[in-house]
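Analysis of the macromolecular model
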Amino acid sequence: MTVFYASIFLIISALLTGLAQQPLHLGWLSWFSLVPVLFILNRLESLKDFVKAGFIWGVTYSFTVIFWLAMNIGTTPLIGLISMLAAVLYASLNCTIICLIMGMLKSRYSQIWFWFLPFVWTTIEYIRNMDLQTGGPWTALANTQLDFLTLVQNAEVTGIYGITFWLILLNVSIFNWIDSPFPEYLFAAVSIFILPWLTGILLTPLPSSDNGNNLDIAVVQPNIHLSQKWKPGGARANIESLLTLSQPAIKQETDVIIWPESATSSYILQGNQNNLKWIQSKLGNSKLLSGIPYYTGNKHNRMFYNSAVLISADSVSKPYNKLMLVPMAEHIPLSGFFPSLKKLNLGQANFTHGKDYKIFNVDNTHIAAMICFESTIPSLSAEFVRLGAQVLVYVVNDGWYEHPPEPQQHAKQAIYRAVENRRPVVRCANTGISMIIEPSGNITQQLPLNSEGVMSGTIIPSNRATFYTQYGDIFAQLSGLISVILILGIFIRKK
C-alpha cells in the first residue's frame, strides 16, 4: 500500500471515529472505524512510519471532534483559530504515542501485537486525560457511546475507560477475523460485542422508590446572551429575569431552585449587597443554589473565583470555589508559579483555583455543586460522592458557543457521572442544555439549546457506594500496569 492510500484510509478512519463523537447518533461507527488503522499498521515496519500514521490519524480525529473551539464568541476569530489548532496538535499526541508504542510492541510480538492495543490505548488515554490542559476526557472514545444506555451501565464498575477498552478490543477482534476469517475468530468478535450489553442489563438499577427524603427542585435556564450577561449595569436586569422565571417555583415552596454558572453576573456577596437582599426577599421558604462571581482579599491582593453558593431568606452559605479551571479560558496555565503570565490578555478570565470540597446541605440532603467543565472530570465527582454527596449538581454557562456541537458534547458527559456514582444529576445551564438525570443515566427532563425555561421535578438522593466510587479508575490503572510489563518485555529481550 502506497503512502498516499495509507494516508487516505487513516483520514477516513479518523473522520468516522470523530463523527461518532458528534451529536449525530452515529456512535456505532466507532465499533469498526479503527479496523483500517490496524490493517495499515500491520503493513508498517519502521517506528518512523508508525509515528507518522499516529500523527495523521490523531490530527484528523482531534480536528473533527473539537473544531468548534475556533467558534468561541468570547474572543477574537484569530485567537479562536490559533487556540483550536494548538489544541488539535496537542491532543493528537495521544494517537502518536499509542502508535509509537505499538510499533515497538510489534517488533517484539510480531504475531499478536494488535491484541495489546486495548491496553496501550486505554493507558495513554487515561494518562493524557489527567492533564487538564488538554480538556481532560473530552475526546475520550467512551464518549461516542452515550446513546447506548445499556452499554454505559458498565461505567459503574470500570468508569469510562472500560468502555474505551471494549471499543478498541472490538475493533481488534473484527480486524483479526477479517485478516484470518476462521469461524472461531468470528465467534470471538461476536462474543466481545455482546458481553457488555449483557452485563449492562445486569447492572441497570431498578427505579428508585420513595425513601421519604425526596427533594423538590426547579432548574432555571434563563438563556441570557453573553452580550447582555456581562453588559455594564446589566446585572440587575439579569437577576430580575431569573427571579421572574423562579416565581412559580417559589410560590410552590420548592425545596431548592437552581440558577446557572455566574448567574448573577455581579459580586452579590461583596460591597453593595442590595442585589443579595433583593434575592433573599423573594425566596420565601425556598433555597437558591446559584453560580456567582466571588473574590477574597483586599484591592491590592485580590483573588477572584468562579463560585457557587446556597442562599436562603435569612442566611448565605460559604461559597464553593471552582477547583478545576478551564485552561486558557479561566486562567493561564502555570500562572500560579509565574505571576507575570496573568498579565497576558487573550480574552480569558484570571480566576484562582479553589481548594475545598464544599458540600451544601438542603433539608438534610447533601449536594455537591460543581461548575461547568468540572462535569467532564470523573474523579472529581467521585471524590465529592466519597465525601458524602447524595446529589450531583452542575451549574454551567456554555453561552460561549451558540451552536452545536460543543453544548451537546458537554451536556451528555454528565450521564457518565450519574452512572459511575449512581447519583441523581441535575445540570443547570444558562443557554442550555439543562437536564435532570436518574442514577441509571436516563434523562427524565431536558431543556433545549438557546431557549428559556424552567424544569421542575422531584429527585431521590442516594447513598449507594459503587465500585467506581470506591476504587476509581483501577481498570485503567491495571491496563497501565499490563502495558508497562509488555514494554519492559521488549527491552528484556534486547538484553
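1. Some details on the nonpolar core
Counting residues in hydrophobic clusters, the biggest one holds 58 residues, and the most contacted among them are Leu-289 and Val-393. By residue number, the principal contributor to this core is strand S9 (residues 391–396), which donates six residues. With near-sequence residues (within four places) excluded, Val-393 lies in contact with Ile-258, Leu-289, Ile-367, Ala-368, Ala-369, Met-370 and Val-426. Counting 52 residues, the second-largest nonpolar core is a separate cluster that includes Ile-98, Ile-101, Met-102 and Leu-170.

2. Describing the confidence of the model for the protein chain
Averaged over all residues, the pLDDT of the protein chain equals 90, while 92% of them reach at least 70. Scored below 50 in pLDDT, residues 343–348 shows eight contacts in the model against residues more than four places distant or in partner chains.

3. A look at the packing of aromatic side chains
Summed over all chains, the structure comprises 29 aromatic pairs. Aromatic side chains Phe-119 and Phe-165 sit 5.1 Å apart centroid to centroid with 75 degrees between the ring planes, which places their arrangement in the edge-to-face category. In this pair, Phe-119 sits in helix H6 (residues 117–129) while Phe-165 sits in helix H9 (residues 160–179), placing the two residues 46 residues apart along the sequence. Phe-165 shares its class with Phe-119; the two are buried. The interplanar angle of 35 degrees and the centroid separation of 6.1 Å between the aromatic rings of Trp-166 and Phe-193 together place this pair among those described as tilted. A residue pair is termed long-range when its members are at least 10 positions apart, and Trp-166 in helix H9 and Phe-193 in helix H10 (residues 183–203) qualify at 27 residues. Put simply, the rings of Trp-31, Phe-148, Trp-166, Phe-193 and Trp-197 pair up and form one aromatic cluster. Just above the ring of Tyr-90 sits the side chain of Arg-128; from NZ or CZ to the centre is 4.7 Å. Above the face of the Trp-278 ring, Arg-236 is positioned so that its terminal group lies 4.0 Å from the ring centre.

4. Overview of the packing of helix H14 (residues 378–386) against helix H16 (residues 414–421)
Between two packed helices, what matters for the description is the angle formed by their axes and the separation of those axes. As a packed pair, H14 and H16 sit with axes 10 Å apart at the nearest point and diverge in direction by 40 degrees. Classified by the angle between their axes, H14 and H16 sit oblique to one another. For the crossing formed where H14 meets H16, the hand is right-handed. Contacts between H14 and H16 involve Pro-378, Ser-381, Ala-382 and Val-385 from the former and Arg-417, Glu-420 and Asn-421 from the latter. Residue classes in the contact of H14 with H16 are distributed as three nonpolar, two polar and two charged.

5. A word on the side chain of Ser-317
Within the secondary structure, Ser-317 sits in the loop between strand S5 (315–316) and strand S6 (320–321). Leaving out residues up to four positions away in the same chain, Ser-317 has contacts with Val-309, Leu-310 and Phe-360.

6. Digging into unusual backbone geometry
The omega torsion of the bond from Pro-404 to Pro-405 falls at 10 degrees, within 30 degrees of zero and hence cis. Mapped onto the elements of the fold, Pro-405 is located in the loop between S9 and helix H15 (406–412). Look at the link from Gly-432 to Ile-433: it is a cis peptide, with omega at 15 degrees. You can see Ile-433 is positioned in the loop between strand S10 (425–429) and strand S11 (434–437). Even without being a glycine, Asp-363 presents a positive backbone phi close to 55 degrees. Within the secondary structure layout, Asp-363 lies in the loop between strand S7 (360–362) and strand S8 (365–371). Despite not being glycine, Cys-372 has its phi angle at roughly 55 degrees, a positive value.

7. Quick notes on the sheet that holds S9
Each strand in a sheet pairs with its neighbour through backbone hydrogen bonds, running either in the same direction (parallel) or in the opposite one (antiparallel). The sheet built from six strands is open, its strands ordered S7-S8-S9-S10-S11-S12 with mixed pairing. Where the open sheet ends on each side, the last strands, each with one partner, are S7 and strand S12 (443–447). Adjacent strand axes in the sheet meet at a mean angle of 20 degrees when their direction is disregarded. Sheet topology note: the S8/S9 ladder contains five bridges and is parallel. Note that in S9 the partner of Ala-368 across the bridge is Leu-392.

8. Observations concerning the pattern of salt bridges
For the structure shown, the criterion picks out eight salt bridges. Here Lys-287 makes a salt bridge to Asp-363, at a shortest N to O gap of 3.9 Å. Of this pair, Lys-287 sits in strand S3 (residues 287–296) while Asp-363 sits in the loop between S7 and S8, placing them 76 residues apart in sequence. Classification of Asp-363 as partly exposed rests on a relative accessible area of 40%. Between Glu-420 and Arg-417 there is a salt bridge whose closest N-O contact spans 2.9 Å. Note that Glu-420 and Arg-417 are positioned in helix H16 at a spacing of three residues, about one turn of the helix. By relative accessible area, which is 0% here, Glu-420 ends up buried. Sharing partners across several salt bridges, the network here consists of Glu-156, Arg-422 and Arg-464.

Rules of the game
- Along each chain, residues carry numbers from 1 onward, in the same order as the chain's sequence is written.
- With the structure being a predicted model, the display of local features is reserved for residues of pLDDT at least 70 and the display and counting of side-chain atom pairs for 80 or more, all residues being used for whole-chain, interface and lining totals.
- Heavy atoms throughout the structure, all of them, feed into the side-chain values; hydrogens and water do not.
- We define a nonpolar core as any set of buried Ala, Val, Leu, Ile, Met, Phe, Trp, Tyr and Cys residues linked to one another through side-chain atoms lying within 4.5 Å.
- Each residue is placed in one exposure class: buried if its accessible area under a 1.4 Å probe, protein chains only, is under 20% of its type's maximum, exposed if it is over 50%, and partly exposed if it falls in between.
- Each helix is a run of DSSP H or I of at least 4 residues and each strand a run of E of at least 2, with the numbering of both proceeding from the N terminus.
- Residue contacts are defined here by distance: any two heavy atoms, one from each residue, within 4.5 Å place the two residues in contact.
- As a per-residue measure, pLDDT tells how confident the predictor is, with possible values from 0 to 100.
- Each pair of aromatic rings taken from Phe, Tyr and Trp, with Trp reduced to its six-membered ring, is defined by centres within 6.5 Å and is described as stacked if the planes are under 30 degrees apart, edge-to-face if over 60, and tilted in the remaining cases.
- We call a charge positioned over a ring when the NZ of a Lys or the CZ of an Arg lies within 6 Å of the ring centre and within 35 degrees of the ring normal.
- Here, axes are lines fitted to C-alpha atoms. For helices the fit covers the stretch in contact, and angles between N-to-C directions go from 0 to 180 degrees.
- Working rule for angles: under 35 degrees goes down as roughly parallel, over 145 as roughly antiparallel, 65 to 115 as roughly perpendicular, anything else as oblique.
- Helix crossings are classified by the rotation of the near helix relative to the far one: an anticlockwise turn of less than a right angle makes the crossing left-handed, while a clockwise turn makes it right-handed.
- Each residue is assigned to one class: nonpolar for Ala, Val, Leu, Ile, Met, Phe, Trp, Tyr, Cys and Pro, charged for Asp, Glu, Lys and Arg, and polar for all the others, Gly among them.
- Two strands pair if DSSP finds at least two bridges between them.
- The salt bridge criterion pairs a side-chain nitrogen of Lys or Arg with a carboxyl oxygen of Asp or Glu, the two atoms within 4 Å.

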